[in-house]
Amino acid sequence: MSVSAIILAGGRATRMGGVDKGLIQFNSKPLIKHVISRLSTQVDEVIINANRELTEYNALGYRVLQDEVANFPGPLAGIQLGLKYATNDLVLCVPCDSPLLPENLVQALKTALIKDSADIAVATCGGKTHPVFCLCKKTLLPSLETFLAEGNRKVSAWQKGQKYTEVDFGVDNPAFENLNSPEDIVNLESK
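Read on for a plain summary of the structure. In this text the structure is predicted, and so the values were computed from the model without any measurement.

1. So, helix α5 (residues 141–149)
Helical periodicity: at 3.6 residues per turn, an α-helix aligns residues three or four positions apart in one direction. Leu141, Leu144, Phe147 and Leu148 are the residues of α5 that are buried. What you see down the axis of α5 is that its buried residues fit within an arc of 125 degrees, all on one side. Exposed side chains of α5 directed beyond 90 degrees from the buried face belong to Pro142 and Ala149. If you follow the buried residues of α5, they end up packed against α3 (75–85) and α6 (155–159). Phi for Gly151, located one or two positions after α5, is positive at around 90 degrees.

2. Brief notes about the packing of aromatic side chains
Enumeration according to the criterion identifies two aromatic pairs in this entry. Between Phe169 and Phe176, the aromatic rings sit 5.4 Å apart at their centres with planes inclined by 55 degrees, giving tilted as the arrangement. Residue class for Phe169 comes out buried when judged on its relative accessible area of 12%.

3. Brief notes about the environment of Asp168
Residue position: Asp168 is located in strand β9 (residues 164–168). Residue Asp168 is classed as exposed on the basis of its relative accessible area of 56%. For Asp168 and Ala5, which are 163 residues apart along the polypeptide, the C-alpha to C-alpha distance reads 20 Å. Discounting chain neighbours no more than four positions away, the residues touching Asp168 are Thr124, Cys125 and Gly126.

4. What to know about the sheet that holds strand β6 (residues 90–95)
Pairing between the strands of a sheet is mediated by backbone hydrogen bonds and can be parallel or antiparallel. Sheet architecture is open: seven strands sit in the order β5-β4-β1-β6-β8-β7-β9, paired in mixed fashion. The sheet terminates laterally at β5 (63–65) and β9, the two strands that pair on one side only. Across the sheet, the mean angle separating the axes of adjacent strands is 30 degrees when strand polarity is ignored. Two elements, β6 and strand β8 (residues 128–137), share four bridges in a ladder whose sense is antiparallel. Bridged to Val91 within β8 is Cys136. Each of β1 (3–9), β4 (45–50) and β6 is contacted by helix α1 (residues 31–39), which is oriented at about 170 degrees to β1, the strand it contacts most.

5. Some points on unusual backbone geometry
Phi is mostly negative for residues that are not glycine, and the peptide bonds are mostly trans. Although it is not a glycine, Ser28 sits at a positive phi angle of roughly 70 degrees. Structurally, Ser28 can be placed in the loop between β2 (25–26) and β3 (29–30). Of note in the backbone geometry, Ser117 takes a positive phi value of approximately 50 degrees without being a glycine. Tracing the chain through its elements places Ser117 in the loop between α4 (105–115) and β7 (120–125).

6. Regarding the pairing of β6
Burial of β6 is extensive: six of the six residues sit out of reach of the surface. Both faces of β6 are covered, namely the face carrying Leu90, Leu92 and Val94 and the face carrying Val91, Cys93 and Pro95. Sheet analysis places β1 next to β6, joined by six bridges and oriented parallel. If you follow Ile7 over to β6, its bridge partner there is Val94.

7. Considerations on the side chain of His130
Note that His130 resides in strand β8. Judged by relative accessible area, which is 13%, His130 ranks as buried. Those residues in contact with His130 that lie beyond four places of it in its chain are Val122, Ala123, Thr124, Cys125 and Phe176.

Cut-offs applied
- Residues numbered from 1 in each chain as written.
- Predicted model: local features only at pLDDT ≥ 70, side-chain atom pairs only at ≥ 80, totals over all residues.
- Heavy atoms only, no water.
- Buried < 20%, exposed > 50% of the residue type's maximum accessible area, 1.4 Å probe, protein only.
- Helix = DSSP H or I, 4+ residues; strand = E, 2+ residues; numbered from the N terminus.
- Arc of directions from axis to C-beta.
- Contact = heavy atoms within 4.5 Å.
- Phe/Tyr/Trp six-rings, centres within 6.5 Å; stacked < 30°, edge-to-face > 60°.
- Pairing = 2+ DSSP bridges.
- Axes fitted to C-alpha atoms, helices over the stretch in contact; angles between N-to-C directions.

The following block contains the structure:
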């Protein structure tokens with residue numbers, strides 16, 4: 001089955017001083033370019049969810065979609081866009097600030113999705129769940145739209161209401177480190 005990917009770059013990045021996370025430099029290149037590079041061999045389509053710096057994101061040469069729900073509602077708004085506009089039946093969702101995505105991310109999630117007859121597969125690492133690293137079937141769109149319309153915003157709460165499975169990517173995988181501050185970026189660059 002072919003896979004589309006939506007890269008979530010639509011947040012406010014308040015912990016990053018309001019600077020658009022996807023455009024922050026990591027090893028001399030914007031974070032989002034690292035993510036695209038890691039995904040390009042794993043998926044058939046790349047979409048970017050961004051609400052600011054649209055000129056810079058459009059210059060990357062991929063379709064850029066803005067949230068359809070007002071006031072930066074969080075990652076679920078980006079996931080909704082992926083489910084609504086992707087050209088493939090499976091949609092991978094990843095954040096823009098994960099430059100070390102596993103090179104087997106799609107294959108591992110897809111294998112579990114099929115094996116467990118699930119509608120969504122979510123990455124875990126070191127006992128922690130990482131809800132924004134997930135592979136979803138497009139058929140989940142009505143469920144997500146209802147969840148959002150009811151004012152809900154928590155990604156894991158929506159996911160766990162679906163046919164759900166988890167995929168363990170190991171104990172200490174830097175691919176899932178949360179880059180929320182300039183210090184986090186410096187620390188990851190030094191590893």
